[in-house]
Amino acid sequence: MELDISRIKEFNDDELKQLIEYDESINQDLIKVADAVRREYYGDKVYLRGLIEFTNYCKNDCYYCGIRCGNRKANRYRLSKEEILMACKEGYELGYRTFVLQGGEDGYYTDEIICDIVSSIRSKYEDCAITLSIGERSKSSYKAYFDAGANRYLLRHETADKAHYEKLHPDVMSLDNRKRCLYDLKEIGYQVGSGFMVGSPYQTTECLVEDIRFLQDLEPDMIGIGPFISHKDTPFKDCENGSARLTLRMISILRLLFPYVLLPSTTALGTISPTGRELGLQAGANVVMPNLTPVRYRQQYELYDNKICTGEEAAECRGCLEKRIEAAGYRAVTDRGDVAR
Ligand code: SAH
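Reading guide: rules and limits
- Residues numbered from 1 in each chain as written.
- Predicted model: local features only at pLDDT ≥ 70, side-chain atom pairs only at ≥ 80, totals over all residues.
- Heavy atoms only, no water.
- Pairing = 2+ DSSP bridges.
- Helix = DSSP H or I, 4+ residues; strand = E, 2+ residues; numbered from the N terminus.
- Axes fitted to C-alpha atoms, helices over the stretch in contact; angles between N-to-C directions.
- Contact = heavy atoms within 4.5 Å.
- Near = heavy atom within 4 Å.
- Polar contact = N/O pair within 3.5 Å; in protein donor to acceptor, adjacent residues only side chain to side chain.
- Areas by Shrake-Rupley, 256 points an atom, 1.4 Å probe, with all protein chains shown as cover.
- Nonpolar A, V, L, I, M, F, W, Y, C, P; charged D, E, K, R; others polar.
- Phe/Tyr/Trp six-rings, centres within 6.5 Å; stacked < 30°, edge-to-face > 60°.
- Lys NZ or Arg CZ within 6 Å of the ring centre and 35° of its normal.
- 1 Å grid on protein atoms, 1.4 Å probe; cavity = no way out; pocket = protein on both sides within 12 Å on 5 of 7 lines; lining within 4 Å.
- Points joined across faces, edges and corners; volume = space filled by probe spheres on them.
- Core = buried A, V, L, I, M, F, W, Y, C linked by side-chain atoms within 4.5 Å.
- Buried < 20%, exposed > 50% of the residue type's maximum accessible area, 1.4 Å probe, protein only.
- Right-handed = clockwise from strand over helix to strand, strands pointing away.

## Structural notes on the sheet that holds strand S5 (residues 152-154)
Step number 1: On the basis of which strands lie adjacent, the open sheet formed by six strands has the order S2-S3-S4-S5-S6-S7 and parallel pairing. One side of each edge strand has no neighbouring strand; the edge strands of this open sheet are strand S2 (50-55) and strand S7 (222-227). This sheet shows a mean twist of 20 degrees between the axes of neighbouring strands, independent of strand direction.
Step number 2: Most of the contacts of helix H4 (residues 111-124) go to strand S4 (residues 129-133), to which it runs at about 155 degrees, and overall it touches S2, strand S3 (98-103) and S4.

## Things to note about the site of the ligand
Step number 1: Lining the immediate surroundings of the ligand are 18 residues, of which Tyr64, Gly103, Arg156, Glu158 and Ile229 lie closest.
Step number 2: Measuring from a nitrogen atom of the ligand, one finds a backbone N or O atom of glycine 103 at 2.9 Å.
Step number 3: Between an oxygen atom of the ligand and a side-chain N or O atom of glutamate 158, the distance comes to 2.5 Å.
Step number 4: For the ligand, the accessible surface in isolation is 560 Å², of which the surrounding protein chains cover 92%.
Step number 5: In the shell around the ligand, the residues fall into 10 nonpolar, five polar and three charged.

## As for the packing of aromatic side chains
Step number 1: Scanning all chains against the criterion turns up 13 aromatic pairs.
Step number 2: Between tyrosine 183 and phenylalanine 214 the ring centres are 6.2 Å apart and the planes differ by 85 degrees, which places this aromatic pair in the edge-to-face class. In this pair, tyrosine 183 sits in helix H7 (residues 175-188) while phenylalanine 214 sits in helix H8 (residues 205-218), placing the two residues 31 residues apart along the sequence.
Step number 3: Grouping aromatic residues by their ring pairs yields a cluster made of Tyr63, Tyr202, Phe228 and Phe236.
Step number 4: Sitting over the face of the ring of tyrosine 57, arginine 78 holds its NZ or CZ atom 3.8 Å from the ring centroid.

## Some remarks on the environment of aspartate 305
Step number 1: Mapped onto the elements of the fold, aspartate 305 is located in the loop between helix H12 (295-298) and helix H13 (314-327).
Step number 2: Sequence spacing of aspartate 305 and leucine 79 is 226 residues, and the spatial spacing of their C-alpha atoms is 22 Å.
Step number 3: In contact with aspartate 305, other than residues within four places in its own chain, are Ile229, Ser230, His231, Lys232 and Thr271.
Step number 4: Side-chain polar atoms of aspartate 305 contact the backbone nitrogen of lysine 232, separated by 3.1 Å.

## Some remarks on the layout of surface pockets
Step number 1: Roughly 160 Å³ of volume is contained in the largest pocket.
Step number 2: If you trace the largest pocket, you find it lined by Gly66, Ile67, Asn71, Lys73, Ala74, Asn75, His231, Lys232, Asp233, Gln299, Gln300 and Glu302.
Step number 3: Here the residues of the lining of the largest pocket sort into two nonpolar, six polar and four charged.

## Section: the nonpolar core
Step number 1: Formed by 104 residues in total, the largest nonpolar core has its most connected members in Ile121 and Met250.
Step number 2: For this core, the leading source of residues is helix H9 (residues 244-257), giving nine residues.
Step number 3: When sequence neighbours within four positions are dropped, the list of residues in contact with methionine 250 reads Ile20, Phe196, Val198, Leu208, Ile212 and Ile225.

## A few points about the pairing of S2
Step number 1: With respect to burial, S2 is a largely interior element, six of its six residues being buried.
Step number 2: As judged from the five bridges shared by S2 and S3, these two strands associate in the parallel manner. Looking at S3, one finds that isoleucine 52 is bridged to leucine 101.
Step number 3: Once the chain exits S2 it traverses helix H3 (residues 81-93) before rejoining the sheet at S3, and the crossover so formed is right-handed.

## Digging into the environment of arginine 318
Step number 1: Looking at the element boundaries, arginine 318 is found in helix H13.
Step number 2: The buried category is assigned to arginine 318, whose relative accessible area is 15%.
Step number 3: Residues arginine 318 and serine 141, 177 residues apart in the sequence, show an inter-C-alpha distance of 33 Å.
Step number 4: Not counting chain neighbours up to four residues away, the residues in contact with arginine 318 comprise Leu48, Leu94, Tyr96, Ala332 and Thr334.
Step number 5: At 2.9 Å, the side chain of arginine 318 and the backbone oxygen of leucine 94 are in polar contact.
Step number 6: Only 2.5 Å separates the side chain of arginine 318 from the side chain of glutamate 322, close enough to count as a polar contact.

Next up, the structure:
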């Protein structure tokens, strides 16, 4: 059966499945249409988000993740408020107008501490967006961070298939709670980002279709996807990595289904393929996340093996990414980059 990509929004599950699995012949077409849609909504702009990985302590034990609490080999670190503010200052000077604070689920950072950090950033950088990515918390906590000045929240659902979710996480975690968090965040008024890993262990094409259906229900402002990459000190150490090809294909499919969405070309994609991030932009992504974490901690935020960009200072990282963005045919901009809808 021939698939008519212009009908993608009306595709049933079988058609989507077929599109995801389709042979190479349609790949270039798919990428071309996705790029056209991206240019229609965002032109050649690529938004920069300064990423601050502020703690690698985590109470969770996700089987895929290198900073899971069960990994006794991980060297743990936490950034102080002063270190976080220093990183923001450096980022601001480099032109970043979004700061993303990401970390493991670390109880050391109580609501009070998070609110204090957020409001300090907010008072210094009125024109910037503050994005949090600190996992599952209560609705009242999310509301407190929002009131303190946070605007956006990233929380990948990881997989929308319940049985699959349970293969990736211990029993104490649940897909229902993860979804609850996402709907709470939306209700509070955050710009919300969700997403999933591509090629995680036990993932089937049906799981990817469910991911799309869940995202269609949630209607997030941002969607983050990247290939699964194994980490040597996790239960999934011998599992095969996700592929760049399928990740790129999913980026294009997501761009067509969610034309307005902010979609990063991720570090994980750049890790499995040397030109992964450039290809991601060409497939429909419009965001990159240069690293602002102090270099001395970078290697310790090791979610997966061989993570790139752990050695260079923020300014170098900025230069390198800008060159890559230009080489791919786009333009790095310093706007806050709110969602276009
Ligand atoms: N604690 C936060 C941040 C998690 S780390 C939260 O729960 O949202 C950010 C993302 O890295 C995760 O959502 C996951 O999708 C991704 N990740 C973790 N381990 C990975 C691996 N081995 N390969 C690829 N991506 C991984």
